[in-house]
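Survey of secondary and tertiary structure
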Amino acid sequence: MLYLITFITSIPALLLYQPVLDDPVGYIASAGQNNQILFGALLELLLIIANIGTAVVIFPIVKRQSEELALGYVTARLFECTFILVGIVAVLGIVTLQQEVAGAAEGSIAYTLAAIKDWTFLLGPGWVVGWGNGLILGYLMYSSGLVPRKMAWLGLVGGPLIILSGTLVMFDVADAGGTLQGIATIPEGLWELFLGIYCTVKGFRPSSPILRADTREDGMAAMPAPA
């Protein structure tokens with residue numbers, strides 16, 4: 001359910017931010033839509049909580065497969081959330097500028113803050129996610145058999161695609177939010193959506209080796225003590 005919450009919060013927040021990101025200088029000189037932007041910031045704060053929750057909740061389970069990779073996934077989620085938080089602060093800074101008297105200096109600052117927000121999106125959801133949700137979590141789910149292995153390939157393939165497309169955007173080889181980056185994010189998006197829906201409806205597969213150990217322990221605990 002936490003994975004589904006990340007979709008419910010992140011996509012509307014990005015849409016709500018558009019007036020600020022499309023024309024930050026014009027925004028601070030206009031009447032503004034501050035409540036809309038503030039609501040987007042609130043959604044992203046909830047996104048941070050959900051992101052951290054996905055890592056904390058799953059850590060005790062996947063660490064049975066690999067404690068190092070499980071810790072790596074938690075770390076990747078925290079890095080992603082740090083970038084998101086910096087982006088929130090940048091957007092709120094533009095809102096503050098809109099509430100003040102707008103001048104040439106304020107316009108330059110607003111443009112800078114919008115650029116910072118764009119970079120936080122590229123480095124967080126547009127790059128770190130490929131390592132954490134894609135490669136690390138994809139491998140943990142594939143090797144543990146907690147979910148169907150065919151679906152885990154979406155993460156194993158989608159992760160490198162996000163990393164590659166994000167790197168190309170970083171070096172100005174591809175456009176941010178362009179066709180290439182949009183296509184590259186599809187497998188990763190499907191992977192995270194599948195994980196949220198599958199685990200909400202069915203839960204983890206009982207046939208997973210790291211869960212069968214619990215079944216054996218429960219069975220032994222239920223056996224009567226020897227006379």
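Here is a short report on the structure shown in this document. Given the structure is predicted, the values throughout are model-derived calculations rather than measurements.

**Here's the deal with the environment of Asp172**
On the secondary structure map, Asp172 appears in the loop between α7 (149-170) and α8 (179-184). Taking the C-alpha atoms as reference points, Asp172 and Ile84, 88 residues apart in sequence, are found 22 Å from one another.

**Digging into unusual backbone geometry**
For Asp172, which is not a glycine, the phi torsion comes out positive at approximately 60°. Assessed through its relative accessible area of 65%, Asp172 is described here as exposed.

**Things to note about the pattern of salt bridges**
Inspection of the entire model under this criterion finds two salt bridges. With a shortest N-O distance of 2.7 Å, Arg77 and Glu80 are connected by a salt bridge. Here Arg77 and its partner Glu80 are both found in helix α5 (residues 67-99), three residues apart, which amounts to about one turn of the helix. Given the relative accessible area of 2%, Arg77 is considered buried. According to the relative accessible area criterion, Glu80 is buried, its value standing at 6%.

**Regarding helix α9 (residues 186-201)**
The end-to-end C-alpha distance of α9, which contains 16 residues, comes to 22 Å, matching closely the 22 Å that a straight helix rising 1.5 Å per residue would cover. Buried within α9 are the following residues: Pro187, Glu188, Trp191, Glu192, Phe194, Leu195, Gly196 and Tyr198. Of the residues trailing α9, Gly203 is marked for its positive phi of about 80°.

**What to know about the side chain of Glu188**
In this structure, Glu188 sits in helix α9. Look past the residues within four positions of Glu188 in its chain and what remains in contact with it is Val129, Asn133, Gly134, Leu154, Gly155, Gly158, Gly159 and Ile162.

Basis of the calculations
- Residues numbered from 1 in each chain as written.
- Predicted model: local features only at pLDDT ≥ 70, side-chain atom pairs only at ≥ 80, totals over all residues.
- Heavy atoms only, no water.
- Helix = DSSP H or I, 4+ residues; strand = E, 2+ residues; numbered from the N terminus.
- Buried < 20%, exposed > 50% of the residue type's maximum accessible area, 1.4 Å probe, protein only.
- Salt bridge = Lys/Arg side-chain N within 4 Å of Asp/Glu carboxyl O.
- Expected span 1.5 Å × (residues − 1).
- Contact = heavy atoms within 4.5 Å.

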